[in-house]
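# Working through the structure, step by step
Now for the letters of each chain:
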Amino acid sequence: MAVIETFGLSRHFGKTAAVEDLTLTIEAGEVLGFLGPNGAGKTTTIRMLAGMIAPTKGYAIVAGHRTDRDVEQLHEIIGILTQTPGLYDRLSARRNLEYFASFYPSIELQFQVEKYLKLMGLWERRDSRVGTFSKGMKQRLALARALVHEPKVLFLDEPTAGLDPEAAGEVRHLIRTLREEGRNIFLSTHNLNEAEVVCSRIAVIHTRLLALDTPEQLRRRFFRRQIVVQLEALDARVMEVVKKLSFVQEVRWEGSQLILELSDSERNRPELVKAIVEAGGRVIGVSEKQYPLEDVYLRLIREEKGNES
Amino acid sequence: MSRRRIRSILLKEWALLFTDVNSALIVTLVPLLVVGQGIVYIWLASKFAGGSMLTTQVFQIALQKLVVAIPGVAQLPANEQLLVLLLNQFNFFLLLIPTMTAISVATFSIVEEKLSGSLEALLATPVKTWELLLGKALAGAIPALVMTWISAGVFLLVALGLGWGDLSRFVVTAGWFLTLFLLTPAVAILSFMLGVAGSSRAKEPRGAQNTALIIVLPVLALIGIQITGIVWFTPLLILLLALAIGIADFISLRTAVRLFRRESIVVQWR
Ligand SMILES: Nc1ncnc2c1ncn2[C@@H]1O[C@H](COP(=O)(O)OP(=O)(O)OP(=O)(O)O)[C@@H](O)[C@H]1O
Ligand SMILES: [Mg+2]
């Protein structure tokens, strides 16, 4: 069952397009990573899906509600972690949570508040002013606020931005816990590791949707396998010879490494090594190149920019 | 549900209001200043100028109208006539209290939430715009009203202490009660709504307050009109005035709700 569906969802601010023609479907139980650089339209998309701003074109359905029409019902069943925590610094953690929880009909207020303060590890500090909290604690409290009414869909806008590695790790751990509970989560981030670790699928966005796939599929789709030959030193003669080999499709130097794409990366390998050695190259090792998702992302964005110009 | 939400907003606003030194000071100091200034001014006028002040044209006109409104005044000696006149005029000075208090509370509560980002989180909850505004309006109007009434009480007590007690029957009139219990609430709500309107454009509380303080001008004009005796505000006139401001309240509430469109807050207020 689809939890979020968007149909040509677009939002313009004057002449700038923040989001253009976004069409995607997110199934129940998924954690979707919404990945893009600054200004890619992540926050704008989340705001449209959360019924906070209207699309200028297209529409979206979240848990059965049109986000531009059934705003009130929608707000009862979604939770959102906004990009800034937006808490009341002069109130205690508990008061903050009680306040926001009081707007949802039919919830066990005290029970829910206690449950999430405990889950987020803030129970001990429940009566301290939020102004005295660290960034990580504030973020966890904001996460508690997003969850306190047990929303069907959770939107997280860059949940670890600005946190130190330890605090970010804690937040990621919490998100993984939520994923295991089978919650529907829409998570925007510009951190690839985060998306890879936490998400079941990743949408790459840069105003337009550039790709939507599992982390593994994204890799496979955007990078053919590449062979790395580590040599003792850079050698022009080796390059000459290798370029002439019929099964070498692409080749380049990276330091003293040769990076190659072969017609058949398994079977052509012995031939390749033989040719290099015969040309006088001193081989230290042969391996396959590993791509971090980062490269997928940079490459997609570069392609998009290429298309624009 | 709405009642629970409004109550929740109200209590939270007060918790924030009274933990902020500036706002707490405004709520308590403004009334003190208004009352203190009024008393000093009246005391100085009656002590040093006395009945002779009545010979100026301005006071002549005002006094004539006062005598029409409250005939008993004509029997009093000149310097007591002056006192009654000044004490009556102080009525409208009290309007400065709800005006300034409500504006400060409104702008403070909205601009602070806007800047901290809590407003955005709030707008993603099922709270309705009118519930939010009404909660905030009450949070501003109730302290404003209470402070005005306390100030009026303090003013009367001080007047008694200064030995002006015999004159109270000429001061604590229907007009006085109408001003306190009809005009003041109407003015407090209008001030609050203007505070909201000012906040929707401003980037910091001071800017919002400056915009909203425009409402102080009509109040000052009202005081001026009464002092110069151009119009003497009889109970009927005060009633009409309260009614007019009540209508303005309604219009400004609708304007505020419109200005408070969630989309524009999320998009423009950043
Ligand atoms: N209220 C607004 N008025 C005008 N332009 C806007 C507004 N909000 C967003 N934009 C523009 O829309 C584009 C997308 O912005 P958005 O905030 O959605 O990006 P983002 O992916 O969340 O970026 P970040 O990583 O910085 O949070 C940007 O070019 C931005 O300048
Ligand atoms: Mg953003």
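These numbers were taken from a predicted model, which means no experiment stands behind them.

## Things to note about the overall build of chain B
Scanning chain B for helices and strands turns up 13 helices and zero strands. The C-alpha atoms of chain B give 21 Å as radius of gyration, which agrees with the globular expectation for 270 residues (18 Å, within 12%). The dimensions of chain B, computed from C-alpha atoms along their principal axes, are 65 × 35 × 30 Å. Out of the 270 residues belonging to chain B, those deemed buried represent 53%. As presented, chain B carries roughly 11,700 Å² of accessible surface, and 71% of it is formed by carbon and sulfur atoms.

## Overview of the coordination of the magnesium ion (ligand 2)
In this structure, Thr43 of chain A (OG1) and Gln83 of chain A (OE1) serve as the protein donors to the magnesium ion (ligand 2), at separations of 1.9 to 2.2 Å. You can see threonine 43 of chain A sitting in helix H1 (residues 42-49) and its partner glutamine 83 of chain A sitting in the loop between strand S6 (78-81) and helix H3 (93-101), a full 40 residues away along the chain.

## Observations regarding the nonpolar core
Residue and element names in this part refer to chain B. Core analysis: the biggest nonpolar cluster contains 54 residues, and Ile42, Leu66, Phe92, Leu94, Phe155 and Leu183 have the highest contact counts within it. The greatest single-element share of this core, amounting to eight residues, is contributed by helix H4 (residues 78-93). Aside from chain neighbours lying at most four places away, what touches leucine 66 is Val73, Val84, Leu85, Asn88 and Trp232. Within the second largest apolar cluster, 51 residues are counted, among which are Leu16, Leu119, Leu122 and Met193.

## As for the domain arrangement of chain A
Taken domain by domain, chain A holds domain 1 (2-220) and domain 2 (224-288). For domain 1 of chain A versus domain 2 of chain A, the separation of C-alpha centres amounts to 46 Å.

## Observations regarding the side chain of threonine 184 of chain B
All names here are of chain B. Residue position: threonine 184 is located in helix H9 (residues 174-201). Engagement of the side chain of threonine 184 in a polar contact is seen with the backbone oxygen of threonine 179, the distance being 2.7 Å. Setting aside anything within four residues of it in sequence, one finds threonine 184 in contact with Leu95, Pro98, Leu145, Thr148 and Thr179.

## Quick notes on unusual backbone geometry
All names here are of chain A. Even without a glycine there, the phi angle at glutamate 150 is positive, about 50°. For glutamate 150, the position within the fold is in the loop between helix H5 (135-147) and strand S7 (153-157). A positive phi angle, close to 65°, is found at threonine 207, a residue other than glycine. Its place among the elements puts threonine 207 in the loop between strand S9 (201-206) and strand S10 (208-213).

## Structural notes on a nonpolar patch on the surface
Residue and element names in this part refer to chain B. Residues Trp130, Leu134, Leu138, Ile142, Val146, Trp149, Ile150, Val154, Phe177 and Phe181 make up a contiguous nonpolar surface patch of about 830 Å² in total accessible area. Of all the secondary structure elements, the ones that give two or more residues to the nonpolar patch are helix H7 (129-161) and H9. Sort the elements by how many residues they give to the nonpolar patch and H7 lands first, with eight residues. As for its placement among the helices and strands, isoleucine 142 is situated in helix H7.

## With respect to the sheet that holds strand S12 (residues 248-254) of chain A
Residues and elements named next belong to chain A. Strand order across the open sheet formed by four strands is S12-S13-S11-S14, with antiparallel pairing between neighbours. Each edge of the sheet is formed by a strand with only one pairing partner; in this case those strands are S12 and strand S14 (283-288). The sheet shows a mean angle of 20° between the axes of neighbouring strands, direction not considered. Contacts between helix H9 (residues 236-244) and the sheet are confined to strand S11 (227-231), S12 and strand S13 (257-262), with S12 contributing the most and set at about 160° to the helix.

## Overview of the pattern of salt bridges
Inspection of every chain in the model, using the stated rule, returns 26 salt bridges over all chains. The structure contains a network of salt bridges with shared partners spanning Glu72 of chain A together with Arg5, Lys128 and Glu131 of chain B.

## Here's the deal with the sheet that holds strand S4 (residues 57-62) of chain A
All names here are of chain A. Pairing is antiparallel in the open sheet, where four strands are placed in the order S2-S1-S4-S5. Every interior strand has two partners, whereas the edge strands, strand S2 (16-27) and strand S5 (65-66), have only one. By the bridge criterion, five bridges tie strand S1 (residues 2-13) to S4 in an arrangement that is antiparallel. From the neighbouring strand, phenylalanine 7 faces S4, where its bridge partner is tyrosine 59. Set on the sheet, H1 makes contact with S1, S2 and S4; between it and S1 the angle comes to about 120°.

## Overview of the site of ligand 1
Contacts to ligand 1 come from 14 residues, most closely from Gly39, Lys42, Thr43, Thr44 and Gln83 of chain A. More than one chain reaches ligand 1: the nearby residues come from chains A and B. The separation between an oxygen atom of ligand 1 and a polar main-chain atom of alanine 40 of chain A is 3.1 Å. If ligand 1 stood free it would expose 640 Å²; the protein chains cover 75% of that surface.

## Here's the deal with H1 of chain A
All names here are of chain A. Most of H1 is tucked away: eight of the eight residues are buried. Within the span of H1, buried status applies to Lys42, Thr43, Thr44, Thr45, Ile46, Arg47, Met48 and Leu49. Taken from the residues just after H1, glycine 51 is the one with a positive phi, measuring 65°.

## Here we look at the packing of helix H2 (residues 21-49) of chain B against H7 of chain B
Helix packing for two helices is described by the angle between their axes and how far apart those axes are. All names here are of chain B. At a minimum axis distance of 10 Å, the contact between H2 and H7 shows a crossing angle of 30°. When the axis of H2 is compared with that of H7, the two are roughly parallel. Seen from above, H2 lies across H7 with right-handed handedness. Residue-level inspection shows Val27, Thr28, Pro31, Val35, Ile39 and Ile42 of H2 in contact with H7, the latter providing Pro143, Met147, Ser151, Val154, Phe155 and Val158. Of the residues that constitute the contact of H2 with H7, the class distribution is ten nonpolar, two polar and no charged.

## Structural notes on the confidence of the model for chain B
Residues and elements named next belong to chain B. Confidence along chain B averages 82 in pLDDT terms, with 91% of residues attaining 70 or more. Per-element averaging of pLDDT across chain B places helix H10 (residues 205-212) at the bottom with 67 and helix H1 (residues 2-17) at the top with 92. In the model output, the complex is listed with pTM 0.81 alongside ipTM 0.81.

## Some details on the side chain of threonine 67 of chain A
Residue and element names in this part refer to chain A. Mapped onto the secondary structure, threonine 67 falls in the loop between S5 and helix H2 (71-77). Threonine 67 sits in the buried class, given a relative accessible area of 2%. Once you skip the residues sitting within four places of it in the chain, threonine 67 turns out to touch Met48, Leu49, Gly51, Ala60, Val62 and Leu74.

What counts, and at which threshold
Residues numbered from 1 in each chain as written. Chains lettered and ligands numbered in written order. Predicted model: local features only at pLDDT ≥ 70, side-chain atom pairs only at ≥ 80, totals over all residues. Heavy atoms only, no water. Helix = DSSP H or I, 4+ residues; strand = E, 2+ residues; numbered from the N terminus. Rg over C-alpha atoms; globule rule 2.2 N^0.38 Å. Buried < 20%, exposed > 50% of the residue type's maximum accessible area, 1.4 Å probe, protein only. Areas by Shrake-Rupley, 256 points an atom, 1.4 Å probe, with all protein chains shown as cover. Donors = N, O, S within 2.8 Å, 3.2 Å for Na, K, Ca; no water. Core = buried A, V, L, I, M, F, W, Y, C linked by side-chain atoms within 4.5 Å. Contact = heavy atoms within 4.5 Å. Domains from an automatic or database assignment. Polar contact = N/O pair within 3.5 Å; in protein donor to acceptor, adjacent residues only side chain to side chain. Patch = residues over 30% accessible without salt bridge, like charges linked within 9 Å, V, L, I, M, F, W, Y side chains within 5 Å. Salt bridge = Lys/Arg side-chain N within 4 Å of Asp/Glu carboxyl O. Pairing = 2+ DSSP bridges. Axes fitted to C-alpha atoms, helices over the stretch in contact; angles between N-to-C directions. Near = heavy atom within 4 Å. Parallel < 35°, antiparallel > 145°, perpendicular 65-115°, else oblique. Left-handed = near helix turned anticlockwise from the far one by under 90°. Nonpolar A, V, L, I, M, F, W, Y, C, P; charged D, E, K, R; others polar. pLDDT = per-residue confidence, 0-100.

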